[in-house]
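Chains, contacts and geometry: an overview
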Amino acid sequence: MAEPVQLQRMEPAIDVSEVRFRYSASGPEVLHDVSLRVEQGEYVALIGQNGGGKTTLAKHFNGLLKPVAGVVRTMGVDTRGPSVAELARTVGYVYQNPDHQIFAQKVRTEVAFGPHNLKLPPEEAARRVDEALELVGLREYADEFAFSLGRGLRQKLAVASVLAMSPPVLVVDEPTTGLDLQGSRNILDLLGRWNADGRTIIVITHDLALVAERVPRTVVISGGRIIADGATSTVLSEADLLGKAFLRPPQVTRVAQRLQKFGIASDVMTVAQLRAQLRLALGE
Amino acid sequence: MADSTSEEYVIEVQGLRFRYPSSEREALAGVDLVVRRGEFVGITGPSGAGKSTLCLCLKGLIPAGELSGRIQVGGKAVTRQSAFLERSALVFQDPETQIIGLTVAEDLAFGPENLKRDPDLIRAAIPRMLHEVRLDGYDEAETYQLSGGQKQRLAIADALILEPDILLLDEPTSELDPVGKDEVFEVIAQLRRKRDVTVVMVEHAAEQLAEMADRILVMDDGQIVDQGPPHVLYRSAATFHRPDGERAPQIAEVLFGLLQDGLIDESEFCAREEDAINMLTDKLSRHHVRLASHG
Amino acid sequence: MPVGYSIYVERPSLIHQRIDPRTKLAALGAVFVLALAFNHPAVLGGILVLVLLAAQLAQLSWRSLLPAMVGSLWFLVLSLLIWPFYVKGGPSLFILFGSTISVNGVLFGLAMGLRVALMVLAAGVWMMTTSPQKLTVGLLRLGLPYKAGVAMTAAIRFVPLLNAERITITEAQQARALDLKRENPFNRAVKSIAIIGPLFVRSIDVAQSLALALEARGFAARDGRTSIVQIGMTTTDRIILIALAAACLLAIGLRILGIGLITRAYL
Ligand SMILES: Nc1ncnc2c1ncn2[C@@H]1O[C@H](COP(=O)(O)OP(=O)(O)OP(=O)(O)O)[C@@H](O)[C@H]1O
Ligand SMILES: Nc1ncnc2c1ncn2[C@@H]1O[C@H](COP(=O)(O)OP(=O)(O)OP(=O)(O)O)[C@@H](O)[C@H]1O
Ligand SMILES: [Mg+2]
Ligand SMILES: [Mg+2]
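Heads up: these notes are all about the structure in this document. (Residues numbered from 1 in each chain as written. Chains lettered and ligands numbered in written order. Predicted model: local features only at pLDDT ≥ 70, side-chain atom pairs only at ≥ 80, totals over all residues. Heavy atoms only, no water.)

A few words now on helix H2 (residues 21-37) of chain C. Residues and elements named next belong to chain C. Relative to the 24 Å expected for 17 residues at 1.5 Å per residue, H2 spans 24 Å between its end C-alpha atoms, a close match to the ideal helical length. When H2 is considered as a whole, its buried residues turn out to be Pro21, Arg22, Thr23, Lys24, Leu28, Ala30, Val31, Leu34, Ala35 and Ala37. Elements that come into contact with the buried residues of H2 comprise helix H1 (14-17), helix H3 (41-57), helix H5 (103-129), helix H6 (132-141) and helix H10 (235-257). The N-capping residue of H2, defined by a side-chain oxygen 2.7 Å from the backbone nitrogen of Arg22, is Asp20. (Helix = DSSP H or I, 4+ residues; strand = E, 2+ residues; numbered from the N terminus. Expected span 1.5 Å × (residues − 1). Buried < 20%, exposed > 50% of the residue type's maximum accessible area, 1.4 Å probe, protein only. Contact = heavy atoms within 4.5 Å. Polar contact = N/O pair within 3.5 Å; in protein donor to acceptor, adjacent residues only side chain to side chain.)

Take a look at the structure:
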């Protein structure tokens, strides 16, 4: 397992303050005065409609985009200073499509690329590669050809190759598109385990059912603004608010809200919760 | 090979096997399937199950590789030599790589132009199609400026403008937000109300599939491993209700749990949200009455 | 990723909407013939003014012409610095590096600069006023095979798709601490495989998907195709074409007579 991160100085992991952003001088403003603070060790979901600005905001965390106005700090460092490659030590960013980063022949070589770029001593790099492969469950594939893996395994490989750099903050952009349920759950579980070691995780996704099951804090972005931010169970049960971001509460929540008059709680989030509530209501 | 059943069954597949040259495993390992005219068939299954390969075969775009078995669409045998299948249209998963035109109108026209349809009719059809997918007024918009969701809707319009009576959709909502997904399903529902189209749709969104599909097929390892109407299929413990099972609508998972607890019976099981709410409302109010009369 | 496909700008102008793409192609050809026929700066300058007038008629903004103009200016300066050392004749001006600089040399340098400016600007105005779709249809009418026409459109589509892929891949690898600028040349070559590799794989994927999409939409299902883009020669087109032909003939005639030239020694 990766060693737990030391949390001496409690700088927020991500501190976005009053950020405005546009892609080109003549283009429309895409982020309007966004402020967001994520403490170290948090696990946060970023949700919202297509084109709402999730990816744009997340790319500010590792300096791929720099704010037009306002400041972004990751682990206390203003992202306007260092290069993206330097920030990669602090913030890992996993892209949606693993094929955008896989280039090496062997799985192990692929995972070693990041540590190698960070100029880690070879033993240290090898140890991190092994840990990352272990964590995502690709250990027995270490010597396979990266391109011969199926989509789900390639996705895990992409995650492993970022985990091997052992960044204290990890951003994952839509890791579950094109994956089946099992694949999606695996990835979210994996992120959960990484988070349990004290690392900060920010996951972008449209899969609210999975968010409800596993992610404690949810931030909703719509039209370039943060329109809600709080405990997942609170945020996801507010149908009106979600509607503004073209989202809907999970199906179990919708059903629970329609059965409120029978004493079913309206902030039911998961299948297990609704089943328990109904068992209570229908039992003697 | 036009026979009497072709009127009722628009798609007939028998013992279909297919292997890509670069792979040892068969992508399709004996698929048997018939689809009735006007039916909405959903297909789900894990990654690599062969869903996309099946769609390509049904559209007559048989990839290079070893093929055996029989495919009939609209009563006509489909082979590599078959002429372009005008009766069916296919929407692919990735919206980026299926848009060809530089403007929306140009892209819509591309298909019918290839089929040498009358330019006046094509021009007249464009605003109608845009209306059907809620892209009214986007005729002259440049396609690269559309959002992912808009591109996916345009791709559907590209298929509709060919006036197919068989619509094949391969994960057409994968990158959409939940409301965007609903919109695509709504577009297809409206279309089915207006016209007698047969729909075969590969989709992971179990909730929406349960609402709309007449029948759902589950594929795995190149075979159809389970199938049935949603309210029956989603009861299947072996396919859905185990740790590494397929995705079922959340409500089906809840009801399956209650079924196990003996709190509802099989005839009460359903997979559609509205049905479930009605059933539960009914049951809960009767229960309340009973409790009240007891105490 | 918004990447422009072409520099075409839609405007409701006569030149954009009314004139056949074939006529516009002929006009571009004619400007090239005229530019090559004369080498007197006054004549070339005059033609340049005509091209700029056409740009105004097409409602193009000066700003959109700026890149072409700046590029041409460079050439003008360069050619003014070089040609006077080669072309002599006319009254002498001064002596530089032991070479007599004469009026004709300066004028010829000016002319050559204007010639390049003329060609660049004409090509620019042509591209900004001729939509790729209409051009394709025009070329098809001129006998371009239909598959080549669609291949052209598909290629126009392919380039920005690949560019978007390249940007995403570069970003993804930067996020894995790849910093090519900081590497020595050898490592840079070795590590650029991290970008070229995925780009190669993705371009094959994208090409395959595009090819499938073309086929699914009935590409090449029939011989020939129809088009919703209407083009056709009108009386205006015919008048323009006759005028262009006359201008070209006149220019060639004048060239033979030696009118509108600084020197016969160069083109
Ligand atoms: N490279 C770019 N250049 C110009 N505009 C862009 C670019 N990338 C995104 N945009 C625009 O910025 C806005 C926000 O886009 P962004 O990709 O951040 O949305 P998102 O919330 O990640 O959406 P999705 O769920 O579809 O991924 C959109 O209007 C989009 O069109
Ligand atoms: N062009 C190809 N060449 C070689 N093998 C292929 C090709 N396309 C697909 N395959 C293989 O065929 C099998 C079936 O693939 P297919 O794409 O049909 O699955 P799918 O069910 O659509 O999966 P997904 O849900 O990931 O889209 C897989 O094992 C896949 O690796
Ligand atoms: Mg995004
Ligand atoms: Mg597929």
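We are not done yet, so read on.
To continue, consider the site of ligand 1. Neighbouring ligand 1 are 14 residues, the closest being A:Gly51, A:Gly53, A:Lys54, A:Thr55 and A:Thr56. Among the chains of the assembly, those with residues near ligand 1 are chains A and C. One nitrogen or oxygen atom from the main chain of A:Gly51 is found 2.7 Å from an oxygen atom belonging to ligand 1. Within the side chain of A:Glu174, one N or O atom sits 3.4 Å away from an oxygen atom of ligand 1. Protein burial of ligand 1: of its 640 Å² of free accessible surface, 68% is covered by the chains. Considering every element that reaches the shell around ligand 1, the biggest residue donor is helix H1 (residues 54-61) of chain A, with three residues. Each residue belonging to the shell around ligand 1 can be placed in one class, and the counts come to four nonpolar, eight polar and two charged. (Near = heavy atom within 4 Å. Areas by Shrake-Rupley, 256 points an atom, 1.4 Å probe, with all protein chains shown as cover. Nonpolar A, V, L, I, M, F, W, Y, C, P; charged D, E, K, R; others polar.)

So, on to the interface of chain A and chain B. Contacts between the two partners involve 36 residues from chain A, matched on the other side by 38 residues from chain B. Carbon and sulfur atoms make up 58% of the surface buried where chain A meets chain B, a total of about 3,600 Å² over both sides. If you look at where chain A meets chain B, you find seven salt bridges. Note that B:Arg247 and A:Asp207 form a salt bridge whose closest N and O atoms lie 3.0 Å from each other. At the boundary of chain A and chain B, one finds 16 residue pairs in polar contact (both at pLDDT 80 or more). Sorting the residues of the side of chain A that touches chain B by element identifies helix H6 (181-196), helix H10 (251-258) and helix H11 (271-282) of chain A as the ones contributing at least two each. Looking at the side of chain A that touches chain B element by element, the count peaks at seven residues for H11(A). Classifying every residue of the side of chain A that touches chain B gives 14 nonpolar, 11 polar and 11 charged. (Buried area = accessible area lost by both parts, 1.4 Å probe. Salt bridge = Lys/Arg side-chain N within 4 Å of Asp/Glu carboxyl O.)

Below, the discussion takes up the packing of H2(C) against H6(C). All names here are of chain C. Remark: H2 packs on H6, axes separated minimally by 8 Å, with the N-to-C direction vectors making an angle of 85 degrees. In terms of axis orientation, H2 runs roughly perpendicular to H6. Along its contact with H2, which presents Pro21, Arg22 and Leu25, the element H6 presents Lys134, Leu135, Gly138, Leu139 and Arg141. Looking at the contact of H2 with H6 residue by residue, the classes come out as four nonpolar, one polar and three charged. (Axes fitted to C-alpha atoms, helices over the stretch in contact; angles between N-to-C directions. Parallel < 35°, antiparallel > 145°, perpendicular 65-115°, else oblique.)

All names here are of chain C. Within the secondary structure layout, Leu135 lies in helix H6. For Leu135, a relative accessible area of 16% corresponds to the buried category. C-alpha separation for the pair Leu135 and Ile231, spaced 96 residues apart in sequence, amounts to 9.5 Å.

Residues and elements named next belong to chain A. Read from one edge to the other, the open sheet built from four strands follows the order S2-S1-S4-S5, with strand pairing classed as antiparallel. At either margin of the open sheet sits one strand with a lone partner, and together these are strand S2 (29-38) and strand S5 (77-78). In this structure, strand S4 (residues 69-74) lies alongside S5, joined through two bridges in antiparallel fashion. Across the sheet, residue Arg73 finds its bridge partner in S5, namely Asp78. Along the sheet face, H1 touches strand S1 (14-22), S2 and S4 and points at about 55 degrees away from the line of S2. (Pairing = 2+ DSSP bridges.)

Residues and elements named next belong to chain C. Secondary-structure assignment places His16 in helix H1. Among the polar contacts listed, one links the side chain of His16 to the side chain of Ser13, at a separation of 2.7 Å. Those residues in contact with His16 that sit more than four places away from it in its chain are Tyr8, Val9, Glu10, Arg11, Lys24, Ala58, Leu60, Met128, Thr129 and Lys134.

With 35 residues of chain B in contact, the opposing surface of chain C contributes 33 residues. Here chain B meets chain C over a buried area of about 3,100 Å², counting both sides, of which 61% is carbon and sulfur. For the interface between chain B and chain C, the tally reads two salt bridges. We note a salt bridge from B:Asp107 to C:Arg217, for which the minimum N-O separation is 3.3 Å.

What follows deals with H6(C). Side chains that are three or four residues apart share a direction in an α-helix, a result of its 3.6 residues per turn. Residues of H6(C) that are buried: C:Pro132, C:Leu135, C:Thr136, C:Val137 and C:Gly138. Positive backbone phi, at 110 degrees, marks C:Gly143, one or two positions downstream of H6(C).

This part is about the packing of aromatic side chains. All names here are of chain A. Under the definition given, this model contains seven aromatic pairs over all chains. With centroids separated by 4.9 Å and ring planes inclined at 40 degrees, the aromatic side chains of Tyr93 and Tyr95 adopt a geometry described as tilted. Judged by centre distance (4.7 Å) and plane angle (75 degrees), the rings of Phe103 and Phe113 are edge-to-face. Taken together, the residues span a long stretch of sequence, with Phe103 in the loop between strand S6 (91-94) and helix H3 (107-117) and Phe113 in helix H3 at a distance of 10 residues. Classification of Phe103 by relative accessible area gives buried; the value is 14%. Above the ring of Trp194, the side-chain terminus of Arg199 is found at 4.2 Å from the ring centroid. (Phe/Tyr/Trp six-rings, centres within 6.5 Å; stacked < 30°, edge-to-face > 60°. Lys NZ or Arg CZ within 6 Å of the ring centre and 35° of its normal.)

Residues and elements named next belong to chain A. Here strand S3 (residues 43-47) lies mainly inside the structure; five of its five residues are buried. Side-chain alternation along S3 places Tyr43, Ala45 and Ile47 on one buried face and Val44 and Leu46 on a second face that is also buried. Bridging between S3 and strand S8 (residues 200-204) involves four bridges; their strand directions are parallel. Bridging across to S8, Val44 finds its partner in Ile202. The pairing of S3 with strand S9 (residues 217-222) spans four bridges and is classified as parallel.

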